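Spelled out, the chains give:
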Amino acid sequence: MHSIHNFLVWSDRSSLRTSAPREGGWTVFGEPMHASPKELVERLYTWSMDDFLASEARTSVGNYVLISTDGDVLRVVTSPSYSGGYLYHGDGLISAGTDLAKVLSRLPSEPQMDPCGLSFYLDYAPRSNFNQLPLTTMFKDVQRVPPGSFIVADSSRVHTFRSFLNDARERPASFNQAMDETMQSVAGFFERNPDQKAAVMFSGGVDSLAIYLGLREKLGKEGTKLYTMMHSSSNGPDRALPVAASLEESVTLVDNTIYEKNDALQKILSLMDSDITSFSAPHLSFLGMKLDNTIVFSGQNFDALANIHMEILQETQEVGYYSAAAKRIAHTDNREQRQQRAFMKNLSLTDAYIGDPYFQKLTVEYFTGLTSNALPDPKPGQDGILRGLLSSQFPNILSKTKHPFNQVQYLDEEISLFRKYIGQVDGRAEVDLMRHLTYSHFSNKRITSVELGSNVRSILLAMSGPVTSYFLGRPRGLAEASQPKREIYAYTKRQCGLPYRQMIKTAPTQNETSAAGPNADDRVISMLESIKGSLDPDNSPILRGLNDPKAHAFVSRVYKKLFDAVQTSTASSFQKQLAIKIYNLEAVLASAKKMQDLYSRS
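Residues numbered from 1 in each chain as written. Predicted model: local features only at pLDDT ≥ 70, side-chain atom pairs only at ≥ 80, totals over all residues. Heavy atoms only, no water.

1. Description of the pairing of strand 1 (residues 8-11)
- Side chains Leu8 and Trp10 of strand 1 all project onto a buried face; the interleaved residues Val9 and Ser11 project onto the opposite face, where all are buried too.
- Note that strand 1 and strand 7 (residues 93-97) share 3 bridges and pair antiparallel. Within strand 7, the position partnered with Leu8 by the bridge is Gly97.
- Pairing of strand 1 with strand 2 (residues 16-18), which is carried by 3 bridges, proceeds in the antiparallel orientation. The partner of Ser11 across the bridge, within strand 2, is Leu16. (Buried < 20%, exposed > 50% of the residue type's maximum accessible area, 1.4 Å probe, protein only. Helix = DSSP H or I, 4+ residues; strand = E, 2+ residues; numbered from the N terminus. Pairing = 2+ DSSP bridges.)

2. Describing the environment of Tyr439
- Its location among the elements puts Tyr439 in helix 16 (residues 427-448).
- Classification of Tyr439 as buried rests on a relative accessible area of 12%.

3. Points about the packing of aromatic side chains
- A complete count under the given rule lists 15 aromatic pairs for this structure.
- Their ring planes at 90° and their centres at 5.9 Å tell us that Phe120 and Tyr410 sit as a pair that is edge-to-face. Of this pair, Phe120 sits in helix 4 (residues 115-124) while Tyr410 sits in helix 15 (residues 407-422), placing them 290 residues apart in sequence.
- Owing to a relative accessible area of 1%, Phe120 belongs among the buried residues under this scheme.
- Ring centres of Phe161 and Tyr421 lie 5.1 Å apart, and the angle between their planes is 50°; on these two criteria the pair is classed as tilted. Highlighted residues: Phe161 in strand 10 (residues 158-163) and Tyr421 in helix 15, separated in sequence by 260 residues.
- Judged by its relative accessible area of 16%, Phe161 falls in the buried class.
- Taken together through their ring pairs, the aromatic side chains of Phe175, Phe302, Tyr470, Phe471 and Tyr491 make up a single cluster.
- Above the ring of Trp10, the side-chain terminus of Arg106 is found at 4.3 Å from the ring centroid.
- For the cation-ring pair, Arg106 lies above Tyr599, with the distance from its terminal atom to the ring centre recorded as 4.1 Å. (Phe/Tyr/Trp six-rings, centres within 6.5 Å; stacked < 30°, edge-to-face > 60°. Lys NZ or Arg CZ within 6 Å of the ring centre and 35° of its normal.)

4. Considerations on the nonpolar core
- Residues Phe202 and Phe297 are the most contacted members of the largest nonpolar core, which totals 155 residues.
- Each residue touching Phe297, except ones within four places of it in the same chain, is listed here: Met33, Val186, Phe190, Ala198, Ala199, Val200, Met201, Ile211, Leu215, Ile459 and Leu461.
- Leu40, Leu44, Leu66 and Val77 belong to the second-largest nonpolar core, a separate cluster that totals 15 residues. (Core = buried A, V, L, I, M, F, W, Y, C linked by side-chain atoms within 4.5 Å. Contact = heavy atoms within 4.5 Å.)

5. Section: the environment of Ala507
- Topologically, Ala507 is positioned in the loop between helix 20 (500-503) and helix 21 (520-531).
- Residue Ala507 is classed as exposed on the basis of its relative accessible area, which comes to 54%.
- Distance from Ala507 to Gly30, taken between C-alpha atoms, is 41 Å for residues 477 residues apart in sequence.

6. Considering the pattern of salt bridges
- Inspection of the entire model under this criterion finds 23 salt bridges.
- The residue Asp292 makes a salt bridge to Lys197 at a minimum N-O spacing of 2.7 Å. Residue Asp292 is found in strand 14 (residues 292-298), and its partner Lys197 is found in strand 11 (residues 197-201); the two are separated by 95 residues along the sequence.
- When its relative accessible area of 41% is taken as the criterion, Lys197 is described as partly exposed. (Salt bridge = Lys/Arg side-chain N within 4 Å of Asp/Glu carboxyl O.)

7. A few points about the sheet that holds strand 7
- On the basis of which strands lie adjacent, the open sheet formed by 5 strands has the order 2-1-7-6-8 and antiparallel pairing. The open sheet has two edge strands with one neighbour each: strand 2 and strand 8 (142-145). When the angles between neighbouring strand axes are averaged without regard to direction, this sheet yields 15°.
- As paired strands, strand 6 (residues 85-90) and strand 8 are joined by 4 bridges and run antiparallel to one another. Each bridged residue has a counterpart across the sheet, and for Gly85 the counterpart in strand 8 is Val145. (Axes fitted to C-alpha atoms, helices over the stretch in contact; angles between N-to-C directions.)

This is the structure we're talking about:
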């Protein structure tokens, strides 16, 4: 098996070259779970490409890439669960792969920075890892390769670069069917690979519960181990222990003390040499454990696919916002108000909202008046919805920016790239795909890009073909604003016979025996102490590769200001996060330069 991280293909003026020998014309990087690699290659030879892509959109499970170099023609298919990669095309050359540093190392010269992409990243990324552009990166002529992509290129240019996520020819009839199909594929994978073990990153929320119950049905009660990260009250033992007790299961508690161990910190720093890394994400705590041959399943992204804005969803469990049952649950005015906010946020993703520009104008002016950090998009309608999703993750709402570029103009340029990539779809599907290629993709990338031990890797089953083809482009009525996850709650009740609201009230049968370790702020401080000696705005490869005068002045000013703040221990929380992000970019560039020099000599 070729690791997903070994996927790399590039041209050298005369021909295409790959990082692995071809196997029957096609090479499989990563792990398909719904079929063996051999079966997938056989389908590629016996089916038309349209039929193959439609099948992948509907049935694929697993993080993998398929590539073929037939003469001077390159074809790439990335699975719907692919962790994501990069594609460079410029100067009559191409380079594509999973790891950013490897792709940059095959460029003909030192990588240049993209002025708008870099400025957007530095303005937004420290606030949220999910606020990144879906296709444009921080590097000139380097685009992201999202999950569910089909690429056709030769040694000098890209002929086709499109999404096939919307190609599925039929949708699963229900969420239950989507989950059953997904779990059947997972069970088949473990039958073919008996040396592999299954684990669940178990928060106790309904999403990780659904994953566990689906696995338990197929693999048996002894076939899956539960791990609970001591991450936060909403995603840790407070929920996991009572829910596990209701199932008569035990969990292994994983603390954050990895950030107190120098060797573990060095592992995280080494990840930053390869790609953009979310340095304090809870799954990184696995790096401090001695696991092997394990697939860690996560319930992440079911929220985003169900079109939810993540406001305390466990507050009402499966009862609806604005219902009598919800009012009984909300014991304080604050909780009742939070339910109302959640309903209004979810409302902005319904078909009724998407199809009513006048209502968009009314509500966006109200919501932006509640905060000093937001602006109403200048024009209601589909473009305004997409600009808002890019800028703030909320339709029609723009975040205030500090960089020198016209925000509406560069967001429109990104939307043009996005539409060219996804092809002709209706407004509902556009909104779903925009959220999927931003929030869902970046969440998937930060979790599934990391090797957590010896042959230990994560997968998000929400990104599987059956689940994504069920949710993407599906009509969303007003009931979805009140009960957006009712099908997921119903699935867990069907699997175990208990409603979630009863499970969450069960008395835990095990205690929290491990110290949580450093909190989020402490983790940032630990990381900053490890990297601050490497920061140097006067000799930064980022600034050296930035030729746009406005962007250079902006980035230089930001970098020098935060450098001074870090050195004098006066950095704000935002500046601390930003300093680590800048270090990460510079580490990728330094790693790419080393590989480039080595490749040139060889």
